[in-house]
Amino acid sequence: MTAPAQKAPEKKVYIRTYGCQMNVYDSSRMADALAPLGYGTTENPEDADMVILNTCHIREKAAEKVFSDLGRLRPLKGEKDLIIAVAGCVAQAEGAEIMTRAPFVDIVVGPQAYHRLPQMIGEVKAKRVGAEHRKLIDTEFPVESKFDLLPAPRQEGPAAFLSVQEGCDKFCTFCVVPYTRGAEYSRPVAAILNEARGLVAGGAREITLLGQNVNAYHGTAADGGTLGLGALVRELAKIEGLARIRYMTSHPRDMDASLIEAHRDVPQMMPFLHLPVQAGSDRILKAMNRGHTRADYLRIVETLRKHRPDLALSSDFIVGFPGETDADFQDTLALATEVNYAQCFTFKYSARPGTPASTMDDQVPEDVKSERLTILQDLIARQQRAFNAASVGCTFDVLLTGTGRNPGQLVGKSPYLQAVHVMADPSLIGQIVPVHITTLETNSLGGTLEDARLPGAGLKQEPQVARR
Ligand code: SAH
Ligand code: SF4
Ligand code: F3S
């Protein structure tokens, strides 16, 4: 297939993405939406005619980073006619404050209004000719869906992301997402299947379905009925050429039987699941409004592993939630020990404005949070090292996604989301090949192509430092 001839972009947009995979997905959609206006992307803000900061509000540090980055961008604005836009969850939560604290920002656009970005740019420019700047804020939750109005994704490579669900109705007491992303919304089944077929036709072998609560998915099917995520996965598995399906982030409350059984029944389902538990103490889970107990979570993990014995798990944990005692924290350690994770994300509780937990009594002192974080991180690091060490000697199907840092080296993904380096010919990029894992590196695994007839299989790794 040849791409339609396109004019060379006349202008450049620099997009900086913070936060979760949903933001990564949204950033590419914004780039797609700006392409018809003549914008190509750049990695360098100094070359840009427009800068978009796609922001995250989840913890205080993430949100504050936006203001320091804006401070650094400000001098660029004096040098040329630069448009600065703030998008994402800080835009949604603190739109007016951004305009006050950083008055040189032209556009503030919330996550549900990205399809209106081209129009907003037009308005900012029109107003600029001979007049003072006009600032635009759009943080509505419009009735129309941005998904219907943004262009279809362009070629994404062998491992693609596909947003199927957005928003959250769960209201965990610590979390800003229900306020910044709005209510749960599921895209219709047909739109998702179309997008998936397009991605596969463009070379994708693996698709990760995205959503803030991806397994709360309940999209409308062609017959007017509703499909859950388990059924959607079964539909996607019918697409020829789609070899791997993943999804994130899922909530324990929405792990229904159909989805759990899909892990057993659908060969394309990868044996790795991110299933955040946040804490191991029932008292804290209740105060967090998670809607499940420790036993519920462990039961789900047990059933999943019964269906898929090689399943590896990851989780998010928060330490130092208001009222968390040493005994509660011990429950978290015990749960992590029992599940034995392949990896995890661990966070210190950060009080977020407007969330119920931020005004709870018994806020945990910072030094206690730090101490607990270190202890939990040590445990998780040991589990992760053991998991990766156990991979040495195994043969994994590896999806080769690109070139590695060293000459002749390719990089790919194991079924368990581990990065794997292997000497192989670049013609193999986009293929899934068996790789014999031989070495454990700091953040990745190293291996050799199992099939010696594949191009590049005989190549030896070059020494990293040239000898004189
Ligand atoms: N929807 C997902 C997670 C979304 S946010 C879920 O329900 O699991 C990603 C992670 O950030 C959360 O899992 C949580 O561990 C962390 N997080 C969210 N709010 C936080 C806060 N106020 N302080 C610290 N960590 C937080
Ligand atoms: Fe936040 Fe809870 Fe919703 Fe996840 S489920 S996005 S942690 S409110
Ligand atoms: Fe951050 Fe918003 Fe994602 S707050 S984690 S960018 S949904």
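Residues numbered from 1 in each chain as written. Chains lettered and ligands numbered in written order. Predicted model: local features only at pLDDT ≥ 70, side-chain atom pairs only at ≥ 80, totals over all residues. Heavy atoms only, no water.

## Points about the sheet that holds strand 20 (residues 432-440)
Let me state the cut-off plainly: One requirement defines pairing of two strands: DSSP has to find at least two bridges between them. Numbering goes from the N terminus for both helices and strands, where a helix is a DSSP run of H or I of at least four residues and a strand is a run of E of at least two. A fitted line through C-alpha atoms serves as each axis, taken over the contacting stretch for helices, and the angle formed by two N-to-C directions is quoted from 0 to 180°.
Taken in spatial order, the 5 strands of this closed barrel run 17-18-19-21-20, and their pairing is mixed. Strand-to-strand twist in this sheet, taken as the mean axis angle between neighbours without regard to direction, amounts to 55°. Of the strand pairs in this sheet, strand 17 (residues 395-403) and strand 20 are connected by 5 bridges, and their pairing is antiparallel. Looking at strand 20, one finds that Phe-396 is bridged to Val-435.

## A look at the site of ligand 1
Selection rule: Any residue with a heavy atom positioned within 4 Å of a molecule or strand is treated as near that molecule or strand. Two N or O atoms form a polar contact when they lie within 3.5 Å of each other; inside protein one atom must be a possible hydrogen donor and the other a possible acceptor, and for residues adjacent in sequence the pair counts only when both atoms belong to side chains. Note on areas: Shrake-Rupley, 1.4 Å probe, and residue coverage restricted to the protein chains presented here. Throughout, the ten residues Ala, Val, Leu, Ile, Met, Phe, Trp, Tyr, Cys and Pro are labelled nonpolar, Asp, Glu, Lys and Arg are labelled charged, and all others, Gly among them, are labelled polar.
Neighbouring residues of ligand 1: 16 residues in total, closest Phe-174, Gln-212, Gln-278, Asp-316 and Ser-350. Arg-59 has a polar side-chain atom sitting 3.1 Å from an oxygen atom of ligand 1. Arg-290 places a side-chain nitrogen or oxygen 3.4 Å from an oxygen atom of ligand 1. Out of a free accessible area of 540 Å², ligand 1 has 89% covered by protein chains. For the shell around ligand 1, the per-class residue count stands at 6 nonpolar, 5 polar and 5 charged.

## Some words on the domain arrangement of the protein
Rule in force here: Boundary definitions for the domains trace back to an automatic or database domain assignment.
On domain assignment, one finds that the protein holds domain 1 (11-138), domain 2 (152-270) and domain 3 (395-449). Just the C-alpha atoms count here: the centres of domain 1 and domain 3 sit 36 Å apart.

## Concerning helix 1 (residues 21-34)
Condition: Expected span, for any helix, means 1.5 Å times one less than how many residues it has. The classification of residues rests on relative accessible area computed with a 1.4 Å probe and restricted to protein chains. Under 20% of the type maximum is buried, over 50% is exposed, and intermediate values are partly exposed.
Between its terminal C-alpha atoms helix 1 stretches 20 Å, which fits the 20 Å expected from 14 residues at 1.5 Å a residue. With 11 of 14 residues buried, helix 1 lies mostly within the body of the structure. Those residues of helix 1 not exposed but buried are Met-22, Asn-23, Tyr-25, Asp-26, Ser-27, Arg-29, Met-30, Ala-31, Asp-32, Ala-33 and Leu-34.

## Quick notes on the side chain of Arg-116
The following threshold applies: The contact criterion used is simple: two residues touch if any of their non-hydrogen atoms lie within 4.5 Å.
Following the sequence through the fold, Arg-116 ends up in the loop between strand 5 (107-109) and helix 4 (117-128). Non-local contacts of Arg-116, meaning those with residues more than four positions away in its chain, are made with Asp-138, Glu-140, Pro-142 and Glu-144.

## Overview of the sheet that holds strand 7 (residues 159-163)
Ordered by their spatial adjacency, 3 strands build an open sheet running 7-10-13, and the pairing between neighbours is parallel. In the strand order of this sheet, the two ends are held by strand 7 and strand 13 (244-248), each with one partner. Averaged over neighbouring strand pairs, the angle between their axes works out to 25° when direction is ignored. Bridge analysis of strand 10 (residues 206-210) against strand 13 gives 5 bridges, and the strand direction is parallel. Across the sheet, the residue bridging to Thr-208 is Arg-246, located in strand 13.

## Considering the side chain of His-263
Note that His-263 resides in helix 9 (residues 257-265). Exposure remark for His-263: the relative accessible area of 2% places this residue in the buried category. Discounting residues that sit within four places of it in the chain, His-263 has contacts with Tyr-247, Met-269, Met-270, Leu-273, Leu-304, Arg-308 and Leu-311.

## What about the site of ligand 3?
Around ligand 3, a shell composed of Cys-20, Asn-23, Thr-55, Cys-56, His-57, Ile-58, Cys-89, Arg-181 and Gln-212 is seen. Partitioned by chemical class, the residues of the shell around ligand 3 number 4 nonpolar, 4 polar and 1 charged.

## Some words on the packing of helix 7 (residues 189-201) against helix 8 (residues 229-236)
The test is simple: Any angle from 65 to 115 degrees is called roughly perpendicular, while one under 35 is roughly parallel, one over 145 is roughly antiparallel, and all others are oblique. By the definition used in this description, the sense in which the near helix is turned from the far one sets the handedness, with an anticlockwise turn below a right angle giving left-handed and a clockwise turn giving right-handed.
At a minimum axis separation of 11 Å, helix 7 and helix 8 run at an interaxial angle of 40°. One way to sum up the angle between helix 7 and helix 8 is to call them oblique. The two elements helix 7 and helix 8 meet at a crossing, and its hand is right-handed. In this structure, helix 7 contributes Val-189, Ile-192, Leu-193 and Ala-196 to the contact, and helix 8 contributes Leu-232, Glu-235 and Leu-236. Residue classes in the contact of helix 7 with helix 8 are distributed as 6 nonpolar, no polar and 1 charged.

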